[in-house]
Amino acid sequence: MDTNIDFKNIWKQQTSNKPNMEELLGRLKKFKNENLRKLIITNLLLTATSLCIGFIWYYYQPQMITTKLGIILAILAMVIFLVVYNRLFMTFYTIDNTQSNSGYLQSLYTVKSKQKLMQTTMLNVYFILLFTGICLYMYEYASVMKLSSAVIAYGLTFAWIAFSWFYIRPKTIKKQQEKLHGLISKFEEINNQCKEL
């Protein structure tokens, strides 16, 4: 069975009220550009954050091993996250306007599987390492604070991490999945209609 059917030409020949292929390709291009922009911004922000954390270590010379270990874990969390996240770049980069419908669909399936890895395994690893790193880093400074101040500092940190984990993360994942599922379902619809011809 030929999976490299020229869907663009078949689509142009149809006269029924079906989703516009050019509009769909426009949505795909917008999706690709949005994700590439997010990828670049994430790289810049996490790289800058890692450099700032490294500068803090160098400039303030923490004394306790827990502080140094916390810094290492926080930077490690960002590096691991970026390495895996940057693998998405090649997937987005290879999506172009010369692909067949099956090519678009295959690219979107690849993005979906890599996105699922990012949204589950990698975000879990990132949050665990970052949370542990922050807690260890704060210990040296919290140990010289009054107990009430230390409790407030840790409480605010836990509250922010919990807010990020239970509210921001699921909302972001849902939004990403909806956009991707919308594109995949439209390309699958076109694929199924062309098989019926």
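In this report, we go over the structure that sits alongside the text.

What counts, and at which threshold
Residues numbered from 1 in each chain as written. Predicted model: local features only at pLDDT ≥ 70, side-chain atom pairs only at ≥ 80, totals over all residues. Heavy atoms only, no water. Salt bridge = Lys/Arg side-chain N within 4 Å of Asp/Glu carboxyl O. Helix = DSSP H or I, 4+ residues; strand = E, 2+ residues; numbered from the N terminus. Buried < 20%, exposed > 50% of the residue type's maximum accessible area, 1.4 Å probe, protein only. Core = buried A, V, L, I, M, F, W, Y, C linked by side-chain atoms within 4.5 Å. Contact = heavy atoms within 4.5 Å. Polar contact = N/O pair within 3.5 Å; in protein donor to acceptor, adjacent residues only side chain to side chain. 1 Å grid on protein atoms, 1.4 Å probe; cavity = no way out; pocket = protein on both sides within 12 Å on 5 of 7 lines; lining within 4 Å. Points joined across faces, edges and corners; volume = space filled by probe spheres on them. Patch = residues over 30% accessible without salt bridge, like charges linked within 9 Å, V, L, I, M, F, W, Y side chains within 5 Å. Areas by Shrake-Rupley, 256 points an atom, 1.4 Å probe, with all protein chains shown as cover. Lys, Arg positive; Asp, Glu negative; His and termini not counted. Charge placed at Lys NZ, Arg CZ, Asp CG, Glu CD. Nonpolar A, V, L, I, M, F, W, Y, C, P; charged D, E, K, R; others polar. Axes fitted to C-alpha atoms, helices over the stretch in contact; angles between N-to-C directions. Parallel < 35°, antiparallel > 145°, perpendicular 65-115°, else oblique. Left-handed = near helix turned anticlockwise from the far one by under 90°.

## A word on the pattern of salt bridges
Inference 1: Under the definition given, this model contains one salt bridge.
Inference 2: Among the ionic pairs, E34 bridges to K179, the shortest N-O distance being 2.9 Å. Of this pair, E34 sits in helix α2 (residues 21-60) while K179 is found in helix α5 (residues 147-196), placing the two residues 145 residues apart along the sequence.
Inference 3: By relative accessible area, E34 is classed as buried at 16%.

## Concerning the nonpolar core
Inference 1: Grouped together as the largest cluster of nonpolar side chains are 39 residues, with contacts concentrated most on L108, Y126 and F187.
Inference 2: Those elements that provide at least two residues to this core are α2, α3 (65-93), α4 (101-142) and α5.
Inference 3: Ignoring sequence-local partners within four residues, the contact set of L108 consists of L28, F31, L180, L183, I184 and F187.

## Observations concerning the side chain of N43
Inference 1: Along the polypeptide, N43 turns up in helix α2.
Inference 2: In this structure the side chain of N43 is engaged in a polar contact, spanning 2.8 Å, whose partner is the backbone oxygen of L39.

## Topic: empty space enclosed by the protein
Inference 1: Tallied over the entire structure, the rule returns one cavity of 30 Å³ or more.
Inference 2: Put simply, the largest cavity is a space of about 40 Å³.
Inference 3: Lining the largest cavity, in full, are F31, E34, N35, K38, Q115, Q176 and K179.
Inference 4: In terms of residue count, the dominant contributor to the lining of the largest cavity is α2 (four residues).

## Comments concerning a positive patch on the surface
Inference 1: Taken together, the side chains of R37, K38, K171 and K175 define a basic patch exposed on the protein surface.
Inference 2: Looking at the positive patch, the elements with two or more residues in it are α2 and α5.

## Notes on the layout of surface pockets
Inference 1: In this model, the largest pocket occupies a volume close to 790 Å³.
Inference 2: Around the largest pocket sit 28 residues that line it, and T42, F81, L123, T172 and Q176 are the ones nearest its centre.
Inference 3: Looking at which element gives the most residues to the lining of the largest pocket, the answer is α4, with nine residues.
Inference 4: Of the residues belonging to the lining of the largest pocket, the class tally is 19 nonpolar, seven polar and two charged.

## Quick notes on unusual backbone geometry
Inference 1: Phi is positive for Q61, which is not a glycine, with a value near 45°.
Inference 2: When you line up the elements, Q61 lands in the loop between α2 and α3.

## Observations concerning the packing of α2 against α4
Inference 1: Contact pair α2 / α4: the axes reach a minimum separation of 14 Å and the direction vectors enclose 20°. It follows from the interaxial angle that α2 and α4 lie roughly parallel. Here α2 runs over α4; the crossing is left-handed. Contact residues: M21, L25, L28, F31, L46 and I56 in α2; N101, Y104, L108, V111, Y126 and Y137 in α4.
Inference 2: Its residues assigned to classes, the contact of α2 with α4 comprises eleven nonpolar, one polar and no charged.

As far as function goes, none of this settles anything; it's purely spatial.
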